[in-house]
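Reading the structure
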Amino acid sequence: LSCRSNKGDALIGKWHSVKVVNRDKDNFFRSSKAFIDTMGKSNTPELNMEVYGVANIDSLRKELQTQFDSAYAAQMNIDTQSVFTFMKDSTVLFSFPGKTEKGKWHLDDQGMLVMDETNELGQTEQIKVDVNFTDKNTMNMAFVRDLEEGVTDTSIVTFRREKK
């Protein structure tokens, strides 16, 4: 109980995300970039027309690169601009670029952070997170989502405490 109480006390405050590690997301962006960089380069214009519907692959590659850059920038914005504010009354505010949601938080018997998040439509989702502090101003949260039976998606988010 004392350990749980200490972790709860340590959570109180405003935390700003600074980094997200998600192997699947990182692999997706890496493989997408490699595809854009190499698509159609060794093909003839005729084969590119047959496969991609264009003879001038450079214009298609440029358009795909623009879309990739936009998607990547949006993801990095979310990854580094999210703020979680934990209050003593067990309220938590989730601030993401463009929206803020409110919820409740507590620590369960295993010391896991349990957050009940209510979105703008009034729907509630319960999120269980493993929290580890590297020091009093830095914490890592492990978010694990079940995608299907036996398949999970894990993100490790590093947060820094905002100065008061």
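Just so it is clear, the structure is predicted and the values come from calculations on it, not from any experiment. (Residues numbered from 1 in each chain as written. Predicted model: local features only at pLDDT ≥ 70, side-chain atom pairs only at ≥ 80, totals over all residues. Heavy atoms only, no water.)

With that out of the way, let us pick up the packing of helix H2 (residues 23-38) against helix H4 (residues 57-81). Their axes nearest at 10 Å, the elements H2 and H4 cross at an angle of 160°. The orientation of H2 relative to H4 falls into the category roughly antiparallel. In this structure, H2 meets H4 at a crossing whose hand is left-handed. Seen from H2, the contacting residues are Lys 25, Phe 29, Ser 32, Lys 33, Ile 36 and Asp 37; seen from H4, they are Arg 61, Leu 64, Gln 65, Phe 68, Ala 71, Tyr 72, Gln 75 and Asp 79. Residue classes in the contact of H2 with H4 are distributed as 6 nonpolar, 3 polar and 5 charged. (Axes fitted to C-alpha atoms, helices over the stretch in contact; angles between N-to-C directions. Helix = DSSP H or I, 4+ residues; strand = E, 2+ residues; numbered from the N terminus. Parallel < 35°, antiparallel > 145°, perpendicular 65-115°, else oblique. Left-handed = near helix turned anticlockwise from the far one by under 90°. Contact = heavy atoms within 4.5 Å. Nonpolar A, V, L, I, M, F, W, Y, C, P; charged D, E, K, R; others polar.)

This part takes up the environment of Asp 130. Position of Asp 130 relative to the elements: it lies in strand E6 (residues 124-135). Beyond its immediate sequence surroundings of up to four residues, Asp 130 is in contact with Met 112, Asn 140, Met 141 and Ala 142.

Turning to the nonpolar core, a few remarks are in order. Ranked by size, the top nonpolar core spans 19 residues in total, and within it Phe 86, Leu 113, Met 115 and Met 141 carry the most contacts. Counting only elements with at least two residues in this core, the list comes to strand E1 (13-21), strand E2 (83-86), strand E3 (91-96), strand E4 (99-107), strand E5 (113-118), E6, strand E7 (138-148) and strand E8 (151-161). Residues contacting Leu 113, with those up to four places away along its chain left out, are Leu 11, Phe 86, Trp 105, His 106, Leu 107, Ile 127, Lys 128, Val 129, Val 131 and Met 141. (Core = buried A, V, L, I, M, F, W, Y, C linked by side-chain atoms within 4.5 Å. Buried < 20%, exposed > 50% of the residue type's maximum accessible area, 1.4 Å probe, protein only.)

What follows deals with the environment of Ala 74. Inspection of the secondary structure puts Ala 74 in helix H4. Judged by relative accessible area, Ala 74 falls into the partly exposed class, the value being 41%. A C-alpha to C-alpha distance of 33 Å links Ala 74 and Asp 9, two positions 65 residues apart in sequence.

With that settled, consider unusual backbone geometry. Within the chain, Ser 90 stands out as a residue other than glycine whose phi angle is a positive 75°. With respect to the helices, strands and loops of the structure, Ser 90 is situated in the loop between E2 and E3.

Both E3 and E4 contribute to a ladder of 6 bridges, which runs antiparallel. Across the sheet, Phe 96 pairs through a bridge with Lys 99, a residue of E4. Pairing geometry for E4 and E5, over 6 bridges, is antiparallel. When the sheet's bridge partners are listed, His 106 is paired in E5 with Val 114. Taking the residues that link successive antiparallel strands as the turn, the E4-E5 hairpin has 5 residues, and the phi of Gly 111 there is positive, at about 85°. (Pairing = 2+ DSSP bridges.)

Once that is clear, we can look at the pairing of E3. Note: E2 against E3, 4 bridges, orientation antiparallel. By the bridge assignment, Phe 84 is partnered in E3 with Phe 94. The turn linking E2 back onto E3 is made up of 4 residues, and Ser 90 within it adopts a positive phi angle of 75°.

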